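Survey of secondary and tertiary structure
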Amino acid sequence: MASGRIVVYGGRGALGAACVNHFKKANFWVASVDLNPNESADVNITVPKDASWVQQEEYVVNELGAALQGQKVNAVICVAGGWAGGNAAKDLSKQAELMWRQSVWSSTIAATVAAKYLSPGGLVALTGAKAALEGTPGMIGYGLAKGAVHQLTKSLGAKDSGLPENSLAVAILPVTLDTEMNRKWMPKADFGSWTPLSFVAELFAKWMKGEERPPSGSLVALVTKDNVTDLIVQ
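The text that follows walks through the structure, step by step, so that each part is easy to find. (Residues numbered from 1 in each chain as written. Predicted model: local features only at pLDDT ≥ 70, side-chain atom pairs only at ≥ 80, totals over all residues. Heavy atoms only, no water.)

**A short note on a nonpolar patch on the surface**
- A cluster of nonpolar residues, Trp53, Val54, Trp100 and Leu144, forms a patch on the protein surface that exposes about 370 Å² of accessible area.
- Relative to the helices and strands, valine 54 is located in helix H2 (residues 53–68).
- For valine 54, a relative accessible area of 54% gives the class exposed. (Patch = residues over 30% accessible without salt bridge, like charges linked within 9 Å, V, L, I, M, F, W, Y side chains within 5 Å. Areas by Shrake-Rupley, 256 points an atom, 1.4 Å probe, with all protein chains shown as cover. Salt bridge = Lys/Arg side-chain N within 4 Å of Asp/Glu carboxyl O. Helix = DSSP H or I, 4+ residues; strand = E, 2+ residues; numbered from the N terminus. Buried < 20%, exposed > 50% of the residue type's maximum accessible area, 1.4 Å probe, protein only.)

**Description of the packing of aromatic side chains**
- By the definition in use, this model includes four aromatic pairs.
- The ring centre of phenylalanine 191 lies 3.9 Å from the NZ or CZ of arginine 183, which sits over that ring. (Phe/Tyr/Trp six-rings, centres within 6.5 Å; stacked < 30°, edge-to-face > 60°. Lys NZ or Arg CZ within 6 Å of the ring centre and 35° of its normal.)

**Some details on the sheet that holds strand S2 (residues 29–34)**
- Taken together, eight strands build an open sheet; the order of strands is S3-S2-S1-S4-S5-S6-S9-S10 and the sheet is mixed. On the outer flanks of this sheet lie strand S3 (43–46) and strand S10 (228–233), each paired with one strand and no other. Averaged over all pairs of adjacent strands, the angle between their axes in this sheet comes to 20 degrees, without regard to strand direction.
- The pairing of strand S9 (residues 218–225) with S10 spans six bridges and is classified as antiparallel. Within S10, the position partnered with valine 223 by the bridge is aspartate 230. (Pairing = 2+ DSSP bridges. Axes fitted to C-alpha atoms, helices over the stretch in contact; angles between N-to-C directions.)

**Here's the deal with the packing of helix H1 (residues 14–25) against helix H6 (residues 197–208)**
- Running from N to C, H1 and H6 cross one another at 55 degrees; their axes reach a closest spacing of 9 Å. In terms of orientation, H1 and H6 fall into the oblique class. In this structure, H1 meets H6 at a crossing whose hand is right-handed. Each of Ala14, Leu15, Ala18, Cys19, His22 and Phe23 in H1 lies in contact with H6, whose residues at this interface are Leu197, Val200, Ala201, Glu202, Phe204, Ala205 and Met208.
- Of the residues contributing to the contact of H1 with H6, the split by class is eleven nonpolar, one polar and one charged. (Parallel < 35°, antiparallel > 145°, perpendicular 65-115°, else oblique. Left-handed = near helix turned anticlockwise from the far one by under 90°. Contact = heavy atoms within 4.5 Å. Nonpolar A, V, L, I, M, F, W, Y, C, P; charged D, E, K, R; others polar.)

**Overview of H2**
- Compared with the 22 Å implied by 1.5 Å per residue over 16 residues, the 22 Å span of H2 between its first and last C-alpha is a close match.
- Every buried residue of H2 is listed here: Gln56, Val60, Val61, Leu64 and Leu68. Projected down its long axis, H2 carries its buried residues within an arc of 125 degrees, all on one side. Exposed and facing more than 90 degrees away from the buried side of H2 are Val54, Asn62 and Ala66.
- Those residues of H2 hidden inside the fold are in contact with strand S1 (5–9), S2, S3, strand S4 (73–78) and helix H3 (92–117).
- Following H2 by one or two positions, glutamine 69 adopts a phi angle in the positive range, close to 50 degrees. (Expected span 1.5 Å × (residues − 1). Arc of directions from axis to C-beta.)

**Details of the pattern of salt bridges**
- Considering all chains together, one arrives at four salt bridges under this definition.
- Taking the shortest distance from any N to any O, the salt bridge between arginine 183 and aspartate 178 comes out at 2.6 Å.
- The partly exposed category is assigned to arginine 183, whose relative accessible area is 36%.
- For the salt bridge of glutamate 212 with lysine 206, the shortest nitrogen-to-oxygen distance reads 3.6 Å.
- Overall, the relative accessible area of 62% leaves glutamate 212 in the exposed class.
- Judged by its relative accessible area of 29%, lysine 206 falls in the partly exposed class.

Everything listed is a geometric property; what it means functionally is a separate question.
So this is what it looks like as structure tokens:
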């Protein structure tokens, strides 16, 4: 008997895979939604990359509905996304479109999934960025997309958002996550200021169980210093 059911949107990325592994170890049924499958998940919904925003949503909603067979989920966790630099002088629309697809499409589809399949009192968690609370001149497209995710989170946390009763909508706002790729590209950085993936997965688990929940609609910055991570709720 499974402990519960979880959907991880972006389940093949570094943080997504850490979440899939964490919940599988805790005996949850886990569905991974991504462009590529995660073999550790119980169900993989492989999003057609060249489909439109609406087509991707229809595909994910239908495939997940077929997999759940009338059951509800305890959490919808969207950790899909990416990063691109650049200012207004070069390729702004190109970079912004890429960031929009990776962060905003995935987050809105996750919100639709939550409205349809989340249990009352469940968790919908999105991924913003602490940097996007202010101007991001060196990565405008990225800041634009993450700012939209922040707005979506606040809307989902408000009355009449369409989410089930007593559900928690929240966005994590990391500074830098401790991933293999980040270590590869920034080998001389202070790793003690990076947030471990296990910390984030455990945080989602806590909130899902109703422990130490911030108010719905909160933006929760993850600020790590000397290997200790503090939560700053906006």
